[in-house]
Amino acid sequence: MTVRGADYKRKKNDAYQTPPEAVAPLLATISFSERVCDPCSGKGNILRVLKAKGHLVGGGDITRGYDFLLHKFRWPGHDVVTNPPFGGRSGKTAVAFVKRALEVTAPEGKVAMLLPVDFDSGGSREIIFGMCPHFSAKIILLNRIRWFRNQSGSTNHAWYVWNHKSNQNPPIILYAKQEFK
Ligand SMILES: C[S@@+](CC[C@H](N)C(=O)[O-])C[C@H]1O[C@@H](n2cnc3c(N)ncnc32)[C@H](O)[C@@H]1O
């Protein structure tokens, strides 16, 4: 996840917590399996929303000694929903998170990642978007996420969804008008 805005200070590990309103449009559109993980769960904002919807949730975070990029196991039957660390201007950590999440959820899970709205436009990212048969939906948030009270950022975001069971690329594109407090 990347946050831009004149008054925003960079946070270590991109520790920006996702407001619950940003998760609602995803859950209104995509159904997830009973078990869902956020592998960089921070303060657990996404997991709380999923739990309230009846999912069994699990999480970890580098600040608690868990490094998802070094994770060696698969999570069959689990889906991944997260707002990953971005990794500087190039977004290379976010790309690594998408690739790792696709590996651990294979062969039948779903992955949803909250990322900048133009994240799929980089030529080097075709491997996870245009060339990936499992990239199945992009949900564009029409209102900017408020990461901090009384401050709006200058980056627009979208949920990107991959589904191992689907080979329906090109993906569907949806627009969500969600108000942020
Ligand atoms: C943008 S925050 C999102 C937190 C939470 N997923 C949410 O949406 O509210 C990114 C989180 O990734 C964690 N993180 C960074 N690198 C990580 C890694 N390699 N493995 C696990 N967590 C990591 C950070 O500590 C931070 O909590």
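Residues numbered from 1 in each chain as written. Predicted model: local features only at pLDDT ≥ 70, side-chain atom pairs only at ≥ 80, totals over all residues. Heavy atoms only, no water.

A.B. asks: Just to check I follow, could you spell out the packing of helix α1 (residues 20-29) against helix α2 (residues 45-52) for this structure?
C.D. replies: When two helices pack together, their arrangement is captured by the angle between the axes and the distance separating the axes. Orientation of α1 relative to α2, taken along the N-to-C sense of each, is 50°, at an axis distance of 9 Å. Here α1 is positioned oblique relative to α2, judged by the angle of their axes. For α1 against α2, the interelement crossing comes out right-handed. Residues Pro 20, Val 23 and Leu 27 of α1 pack against Ile 46, Val 49 and Leu 50 of α2. Split by residue class, the contact of α1 with α2 holds six nonpolar, no polar and no charged. (Axes fitted to C-alpha atoms, helices over the stretch in contact; angles between N-to-C directions. Helix = DSSP H or I, 4+ residues; strand = E, 2+ residues; numbered from the N terminus. Parallel < 35°, antiparallel > 145°, perpendicular 65-115°, else oblique. Left-handed = near helix turned anticlockwise from the far one by under 90°. Contact = heavy atoms within 4.5 Å. Nonpolar A, V, L, I, M, F, W, Y, C, P; charged D, E, K, R; others polar.)

A.B. asks: Help me understand α1, please; the structure alone is not making it clear to me.
C.D. replies: Residue pairs spaced three or four apart in an α-helix point in one direction, given the helix's 3.6 residues per turn. Along α1, the residues classified as buried are Glu 21, Ala 22, Val 23, Pro 25, Leu 26 and Leu 27. Its buried side turned inward, α1 meets α2, β3 (78-82), β4 (110-116), β5 (135-141), β6 (157-163) and β7 (172-176). (Buried < 20%, exposed > 50% of the residue type's maximum accessible area, 1.4 Å probe, protein only.)

A.B. asks: Before we go on, may I ask you to explain the environment of Phe 119 in this structure?
C.D. replies: Along the polypeptide, Phe 119 turns up in the loop between β4 and β5. Along the sequence, Phe 119 and Ala 176 sit 57 residues apart, while their C-alpha atoms lie 17 Å from each other. Apart from residues lying up to four places away in sequence, Phe 119 is in contact with Phe 86, Gly 91, Ala 94, Val 95, Arg 125, Ile 128, Phe 129 and Tyr 160.

A.B. asks: Please explain the state of the cysteines as it appears in this structure.
C.D. replies: Disulfides are covalent bonds that link the sulfur atoms of two cysteine residues. Within this structure, the stated rule accounts for zero disulfides. Cysteine Cys 37 is unpaired, with the sulfur of Cys 40 as its nearest cysteine sulfur at 11 Å. Accessibility expressed as a relative area gives 14% for Cys 40, which makes it buried. (Disulfide = S-S within 2.5 Å.)

A.B. asks: Even after reading the chapter, I still don't get the sheet that holds β5, so can you show me in this structure?
C.D. replies: The strand order across the open sheet built from seven strands is β2-β1-β3-β4-β6-β5-β7, with neighbouring strands paired in mixed fashion. Two strands close off the open sheet at either side, each with one partner strand: β2 (56-59) and β7. Across the sheet, the mean angle separating the axes of adjacent strands is 20° when strand polarity is ignored. Summarising the sheet, β5 and β7 pair through five bridges and their orientation is parallel. Each bridged residue has a counterpart across the sheet, and for Ile 139 the counterpart in β7 is Leu 174. Running over the sheet, helix α3 (residues 92-105) touches β3, β4 and β6 and is turned about 170° from β4. (Pairing = 2+ DSSP bridges.)

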